[in-house]
Amino acid sequence: MRADILIRNGRCMTMKDKEIMDWVAIEKNRIIAIGNNSEYEDLIGNETMVFDAKGNTVLPGFIDSHFHAVQTALNSVSFDLSQVKTHEEMGEKIREASKFFVGDYIRGIRISEGQFKEKKYPGRVLIDKYCNDVPVVLNSMEYQVSILNTCAMLYFKIPFTAEGIDMDEKQMPTGIFRKQANAILRTNILKNISKITRKSAVSEMMSTLLMNGITTINAMEGGFMYCDKDAEFIFEHGNEFPIDMVLFYQTMDIDKVRTMGLNRIGGCLYIDGTFGARTAALSFEYADCPGTMGSLRMSQQELNDFVIQCYKNNLQLALYTIGDRAIESALNAHENALYQTGITGLRHRLEHAELINDKQIKRAKDLNIILSMQPSYEVYWGGKGKMYEQRLGENYKRTNPFKKIIDKGVVICGGSDSDVTEPNPLLGIYSAVNHPVEEHRVDLYQALKMFTCDGAYGVFEENIKGTLEVGKLADVVILDKDILSVPLAEIDKIKVSITIKSGEILFNNLG
Amino acid sequence: MLNLHFLGKSKIEYNGKEIEDKLGNKAVALICLLVLNEKRYLSRDKIIGYLWPDSNTDAAKYNLRYNLWLIKKNILEDKNNNSFIKVDTECCSINSKYDYDCDINDIMKFKPSCRDTVDSMLKLKRLFRGDLLEGCYFNKCDEFNDLIIYERINFEQRKVKILQRLAEVYENDKMYDVCIEVLKEILEIEPYDEKIALKLMDIYRKIGKRALAIKYFNEFSYNLSCSLGIHPSNELRNKYNEIKMSVSELGETSNSAKATVKNTNNISDIKIISYCIKNVDYFWISDVIGKIVDLGIDDCIKKLSEKQLIDLGYIQSDILKFYTEEIDMLDYKREVMDVRIINAFVKLLEAVCNERSTTIIILNKTDMDEISANVVEYLRKIRIKGLNIIEEN
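Model, not experiment: these values are computed from the prediction. (Residues numbered from 1 in each chain as written. Chains lettered and ligands numbered in written order. Predicted model: local features only at pLDDT ≥ 70, side-chain atom pairs only at ≥ 80, totals over all residues. Heavy atoms only, no water.)

Engineer: Can you tell me about the side chain of Ser 274 of chain B, naming the residues and giving the values?
Structural biologist: All names here are of chain B. Mapped onto the elements, Ser 274 comes out in strand β9 (residues 267–274). The class for Ser 274 is buried, based on a relative accessible area of 0%. One polar contact links Ser 274 to Trp 284, side chain to side chain, over a distance of 2.7 Å. Not counting chain neighbours up to four residues away, the residues in contact with Ser 274 comprise Trp 284, Asp 287, Val 288, Lys 291, Ile 360, Ile 361, Ile 362 and Leu 363. (Helix = DSSP H or I, 4+ residues; strand = E, 2+ residues; numbered from the N terminus. Buried < 20%, exposed > 50% of the residue type's maximum accessible area, 1.4 Å probe, protein only. Polar contact = N/O pair within 3.5 Å; in protein donor to acceptor, adjacent residues only side chain to side chain. Contact = heavy atoms within 4.5 Å.)

In structure tokens:
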């Protein structure tokens, strides 16, 4: 037996029983051997490609357990307008973009009213001055507002009878859409994005994922604020891309999911909102908005009914919960469903669970619930002076308590929530070991597990992925450092040198 | 015969042939502009302002003359020798005597009336092939583009009215399946319209598709919440509760909407809808006991001891009908300790749940008295087998 690929002189962290080996051999799409010293020599043939890892870390391919694939891809071909200061500056950016325009329309994202010197959103007449021959669609930071130029107003299906269309003094639409009108318009626009555009955007995104060592994502697609066509696209075409995409359809339509033959449902199936918009459901008032505690998107009874149906249909369920009140509601529903049905083993998940408390961790453990969390949030929002503290006051010290969760025996699978944070597992690992609140920090091995074997466990793939073991898929990454020797504070500077997916070398920075 | 279609991609049919390609975009736009202003006499300058605002005066006048000629060349006089467009040195307009059909004219004429029939409404509905001048955008013609936007608003409103009227006609004719399809079409346009959602749920219930009504409410409620951060109105929620509590898939309602027994395969499920009143001690417990008594499951209640019946009778006299001895009024009126009432209540629930799966729905938990609230908490902790307590706010 000869290997197609042999990686030697590595610190191969198998992610099984903390074993570290010297080399790993791959034939076709599987790992065929792994060992120490020079026992690999018999496996080298004329055709074997041998990589010298030079003492650097070799790991199972990273699994990103919460990733909005299509929207990340589409946003990556959009213009980030968050840094412009005036309407004119924004207009010039759009004018520039229109010169190199390809595709259906120009998308500008991440604007907010407050960023402009004028302290208001620009309307269509103003945007027309910079671009009047191509449809332009601008979205606010959290997609609560859409702005169209006149060309886009005539190009897209506009929900003219819906509430939330800004009108000028002549009772003509200004091009600014909020509330119902925005929600319908956004759905209309996303629905009209062609399959070709989706395909080309997702294809372009692949290089970024492979560069970051990602070989599997849990694709959270469809549903409100997103688009069911995204989920349908991943369902139909997900296997045409080089990495594995495990589809989580963000819908409550159990029949549809069953008909599609999926064995899971949910993802961002909203039980509450976000800290940013102060809509995450808290058990206390927001520090920067007294009297506001966020709200639940479903009554307990509605949630109970839905969760029971998921149990009865043997579907793995992923619920979006951010605030502690939302987590409580989700756990109540799971306890009720378990009590009513007695069905176990479905590995239900709570996505984000940023403000989970000690009692809830214990209940999650009792229910065998997996927490799908995003450590990088702490880099973006955690610690003194950042968003968590602004919104939650002293309670910012309670967010993402990774160590407590792991110590209680609850499995955490790690994700990026891309493109909310960048799709970089090493940043997530860095964040988990350098949590701004010291008591929540986990050791490096635990952090690596979140993005490897525990990620595989989160989607029932631990028998084929997540560890370097004989017989498993050859999803392997080689880093440019020995991660165990690098100071914890510098883990975010580590880069991926090589990414192998199912035995194919898809990213190679070693030359 | 001339047929003009401006809703959706423009189509000009003359004597059975499509001629819009011969006319070109601007000529089609000119015809549409004149139709929209049929009752007005548009000056040449105004038309130029709409369609050739960035051309110099001579070029713009030439463009208008050329397009009018193009129209005249392709759309000949009718059998009464009327030309389609009336032109003079100052103005242009459609000749109202010319024999032609146009989708937007037919729609503009619509006014709901009791004479509306399925056929007449369907004919109007079919005219909506899309938006006005769909796919058209006239660069730099700001005023004309604004006019299209303005008229699209107008036609979208008319479309909703026509669909609503069609749904009414279908409902009146008891053609529920097609009525549902029309309501769904309206919801495609206005997905957050609670009145239409309510109507749809009502029709589902009427035809015995209770499960679809419940499923629809859940989706509607979730979408409303996720997209807009709001919950359904009380009216819609009440309709949902009403449908949810109705027993049969065929839409039959039970004798009591408050407590029901459902028999499936010899297993009887019980559903109790309970209410709360603020600051009235034991009200919720009393309400539940009363409804259990109403269910007619005497065998369960008879499992209680005489003393337990008396204890419960202190807060709900209906249960005393199961007390076989003569009631000692002195004993009956004597104050009973809280703990005895609660213990008796738990025994009653255990007796009921022992044989039947029981769901108690609490409708307004926030108004629950303190003693009942503590009992509910206790019940959750001790987890009586077969008992499910649901809070509905």
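Engineer: Summarise helix α14 (residues 306–313) of chain B; cite the residues concerned and give the values.
Structural biologist: With six of eight residues buried, α14 of chain B lies mostly within the body of the structure. When we look at burial in α14 of chain B, the residues that qualify are Gln 308, Leu 309, Ile 310, Asp 311, Leu 312 and Gly 313 of chain B.

Engineer: Give me the lowdown on the interface of chain A and chain B, citing residues and values where you can.
Structural biologist: Taken together, the contact between chain A and chain B spans 38 residues of the former and 45 residues of the latter. For the pairing of chain A and chain B, the buried interface totals around 3700 Å² over both sides, and the portion due to carbon and sulfur atoms is 54%. Looking at the side of chain A facing chain B, the largest losses of area belong to Leu 154, Phe 160 and Gln 301 of chain A, adding up to 20% of the total buried there. Joining chain A to chain B, the criterion identifies seven salt bridges. Salt-bridge contacts for Lys 244 of chain B lead to Asp 305 of chain A; the nearest nitrogen and oxygen are separated by 2.5 Å. Counting across the interface, chain A meets chain B through 17 residue pairs in polar contact (both at pLDDT 80 or more). Elements represented by at least two residues in the side of chain A that touches chain B include exactly α4 (150–155), α5 (179–192), β17 (264–270), α9 (300–312) and α10 (324–341) of chain A. Here the side of chain A that touches chain B takes five residues from α5 of chain A, the largest share from any one element. For the side of chain A that touches chain B, the residue count by class is 19 nonpolar, eight polar and eleven charged. (Buried area = accessible area lost by both parts, 1.4 Å probe. Salt bridge = Lys/Arg side-chain N within 4 Å of Asp/Glu carboxyl O. Nonpolar A, V, L, I, M, F, W, Y, C, P; charged D, E, K, R; others polar.)

Engineer: For the sheet that holds strand β7 (residues 57–60) of chain A, give the residues involved together with the corresponding values.
Structural biologist: Spatially, the six strands line up as an open sheet ordered β3-β2-β7-β22-β23-β24 (chain A), and their pairing is mixed. Of all the strands in the sheet, the pair left with one neighbour each is β3 (20–21) and β24 (504–508) of chain A. (Pairing = 2+ DSSP bridges.)

Engineer: Can you tell me about the packing of α9 of chain A against helix α11 (residues 234–245) of chain B, naming the residues and giving the values?
Structural biologist: Here α9 of chain A crosses α11 of chain B at 45 degrees, and the two axes come no closer than 13 Å. The orientation of α9 of chain A relative to α11 of chain B falls into the category oblique. As α9 of chain A runs across α11 of chain B, the sense of the crossing is left-handed. In this structure, α9 of chain A contributes Gln 301, Glu 302 and Asp 305 of chain A to the contact, and α11 of chain B contributes Arg 237, Tyr 240 and Lys 244 of chain B. Here the residues of the contact of α9 of chain A with α11 of chain B sort into one nonpolar, one polar and four charged. (Axes fitted to C-alpha atoms, helices over the stretch in contact; angles between N-to-C directions. Parallel < 35°, antiparallel > 145°, perpendicular 65-115°, else oblique. Left-handed = near helix turned anticlockwise from the far one by under 90°.)

Engineer: I'd like to hear about the packing of aromatic side chains, residue by residue, with values.
Structural biologist: Counting across every chain of the model gives 18 aromatic pairs over all chains. Judged by centre distance (5.9 Å) and plane angle (35 degrees), the ring pair of Tyr 216 of chain B and Phe 220 of chain B falls under tilted. With Tyr 216 of chain B and Phe 220 of chain B both in helix α10 (residues 210–228) and four residues apart, the pair spans about one turn of that helix. Residues Tyr 216 of chain B and Phe 220 of chain B agree in their burial class; the two are buried. Each residue in the set Phe 275, Tyr 377, Tyr 380, Trp 381 and Tyr 388 of chain A is aromatic and connected to the rest through ring pairs, giving one cluster. For Arg 264 of chain A, the ring lying beneath its charged end belongs to Phe 248 of chain A, and the centroid distance is 5.2 Å. Its end group placed over the ring of Tyr 457 of chain A, Arg 347 of chain A keeps NZ or CZ at 3.8 Å from the ring centre. (Phe/Tyr/Trp six-rings, centres within 6.5 Å; stacked < 30°, edge-to-face > 60°. Lys NZ or Arg CZ within 6 Å of the ring centre and 35° of its normal.)

Engineer: Before we move on, can you summarise the pattern of salt bridges with the specific residues and values?
Structural biologist: Residues and elements named next belong to chain A. On inspection of all chains with the given rule, the structure shows 52 salt bridges over all chains. A salt bridge links Glu 113 to Arg 178; the nearest nitrogen and oxygen atoms lie 4.0 Å apart. Of this pair, Glu 113 sits in the loop between β10 (106–111) and α3 (124–130) while Arg 178 sits in the loop between β14 (173–177) and α5, and the two are 65 residues apart along the sequence. On the basis of relative accessibility, which here comes to 26%, the residue Arg 178 falls in the partly exposed class. Within the structure, one salt-bridge network assembled from shared partners comprises Asp 244, Glu 461, Lys 465, Asp 475 and Lys 501.

These values are about where atoms sit, not about what they do.
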